[in-house]
Amino acid sequence: MIGPVRVVGAGLLGTSIGLGLTARGIDVILADASPTNLSLAIDYGAGRAAKTDDAPQLIVVCVPPDVTAEIVARELEAFPDAIVTDVASVKLAPLTELKARGADVSRYLGSHPLAGRERGGPLAGRADLFIGRPWVVAAHDAISYQRATALDDLILDLGATVVEMTPEEHDRGVALVSHVPQVVSTLMARRLTDGPASALNLAGQGLRDVTRVAASDPELWVQILGANPEPVREILLALRDDLDRFIGALADPSAPGARRQVAEEIAGGNTGVARLPGKHGQDRRYASITVMVDDTPGQLGRLFNDMGAVGVNLEDLRLEHSPGAQIGLAEISILPETVSRLTTELAARGWRIVG
């Protein structure tokens, strides 16, 4: 980037963009409807306040989806020489509304960084938030490739990976991998509201995995789902059919074909999970071993050091605490060919291997 870059909206994403760019010496202009958010983002070093003679090269709009098109249109009019993008999680609705408003979409290119945190606001901003994350650029026919290069420069400078999609492809994609999972997680978590404490005390990592995103902001998700209803609805209808088949099979588990139906549905889930890209975007599958770790300072670090001494690379890690016990379970993902050697070496070093 050459800059300056104007960032409208000093929340998590806006502040993180500002922090990442200012760390590279780029002049970042911050604007926000909230004076408090603006002051905090400036105090944390994400940029400076706007001046009357600002001439930004690129404007990044980081506001809620229901006002994205309105703010983008305003910025296009106020800065006729700038390229404008937004980071909303839906892409077709803002473009359609901008065209209906008669905005100059030859200078607008929507985008969406697939990065975030459980917390929002400027205090949650991080300069490294986008490193290694995909950042969708939703191309359309009204803007030239040459004009769009400023956005590519921004994405690459922040350490993200450019992914080119049409607005329609993007919205269908996030419906499948983000929006519907949010709905499923939320509905499962609602089942817990009336659950007895004795049952909730049995909760393990599986339930926590399924319900993790259910703590999301309701107001934001009302906006997101309202802006992308059809792709989400299509997937939910298909999911309802899946549930009906499963429910039918469980109505009489001893009926001919019922157990086969359940097995095929579970196996279908295995197939779907296997398609998810793993480390570095590769499809390679890893094996795992589970190690019992005392819940005391330094134990996890000692485990990592022992793995390094053995010469086995940690591909992924999942931690689960055992209810009522001062131990944790570390599920370690490693290359399949290293399982036997690592299991033997860790056991020799005093580690307890589950199973």
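Residues numbered from 1 in each chain as written. Predicted model: local features only at pLDDT ≥ 70, side-chain atom pairs only at ≥ 80, totals over all residues. Heavy atoms only, no water.

**What about unusual backbone geometry?**
Between Gly 3 and the following residue, Pro 4, the backbone shows a cis peptide bond with an omega angle of -5 degrees. Within the element layout of this structure, Pro 4 appears in the segment before β1 (5–8). (Helix = DSSP H or I, 4+ residues; strand = E, 2+ residues; numbered from the N terminus.)

**Focus: the domain arrangement of the chain**
Per the domain assignment, the segments of the chain are domain 1 (5–165), domain 2 (173–274) and domain 3 (287–354). Here domain 2 and domain 3 have C-alpha centroids that lie 31 Å from each other. Summing both partners gives a buried area of about 310 Å² for domain 2 against domain 3, and 44% of it is carried by carbon and sulfur. By the criterion of area lost to domain 3, the three top residues of domain 2 are Asn 201, Gln 205 and Asp 209, representing 82% of everything that side buries. At the boundary of domain 2 and domain 3, one finds 1 salt bridge. (Domains from an automatic or database assignment. Buried area = accessible area lost by both parts, 1.4 Å probe. Salt bridge = Lys/Arg side-chain N within 4 Å of Asp/Glu carboxyl O.)

**Considering the pairing of strand β7 (residues 134–138)**
Here β7 lies mainly inside the structure; 4 of its 5 residues are buried. With 4 bridges joining them, strand β6 (residues 110–113) and β7 adopt antiparallel strand pairing. Its bridge partner being in β7, Pro 113 is matched across the sheet by Trp 135. Regarding topology, helix α5 (residues 145–157) serves as the crossover connection from β7 to the parallel strand β8 (residues 161–165), and that connection is right-handed. (Buried < 20%, exposed > 50% of the residue type's maximum accessible area, 1.4 Å probe, protein only. Pairing = 2+ DSSP bridges. Right-handed = clockwise from strand over helix to strand, strands pointing away.)

**Here's the deal with the environment of Ser 111**
With respect to the element layout, Ser 111 can be found in strand β6. For the pair Ser 111 and Ala 138, spaced 27 residues apart in sequence, the C-alpha separation works out to 5.6 Å. In this structure, Ser 111 is in contact with Thr 85, Asp 86, Val 87, Ala 88, Lys 91, Trp 135, Val 136, Val 137 and Leu 151, ignoring residues within four places of it in sequence. There is a polar contact of 3.0 Å between the side chain of Ser 111 and the side chain of Trp 135. (Contact = heavy atoms within 4.5 Å. Polar contact = N/O pair within 3.5 Å; in protein donor to acceptor, adjacent residues only side chain to side chain.)

**Some details on the nonpolar core**
In this structure, Ile 17, Leu 21, Val 60, Phe 130, Trp 135 and Leu 154 are the most contacted members of the largest nonpolar core, which totals 34 residues. Broken down by secondary-structure element, the contributors of at least two residues to this core are β1, α1 (12–22), β2 (28–31), α2 (35–43), β4 (58–61), β7 and α5. With 5 residues, the single largest contributor to this core is α1. For Val 60, the contacting residues outside a window of four places in its chain are Val 5, Arg 6, Val 7, Val 8, Ile 17, Thr 85, Val 87 and Leu 154. Membership of the second largest hydrophobic core comes to 17 residues, among which are Ala 69, Val 84, Ala 103 and Tyr 108. (Core = buried A, V, L, I, M, F, W, Y, C linked by side-chain atoms within 4.5 Å.)

**Things to note about the packing of aromatic side chains**
For the structure shown, the criterion picks out 1 aromatic pair. With 5.1 Å between their ring centres and 45 degrees between their planes, Phe 130 and Trp 135 make a pair best called tilted. Classification of Phe 130 as buried rests on a relative accessible area of 1%. Among the residues examined, Trp 135 registers a relative accessible area of 0% and is labelled buried. (Phe/Tyr/Trp six-rings, centres within 6.5 Å; stacked < 30°, edge-to-face > 60°.)

**Some words on the side chain of Thr 85**
Its location among the elements puts Thr 85 in strand β5 (residues 83–86). Discounting residues that sit within four places of it in the chain, Thr 85 has contacts with Ile 59, Val 60, Val 61, Tyr 108, Leu 109, Gly 110, Ser 111 and Leu 151.

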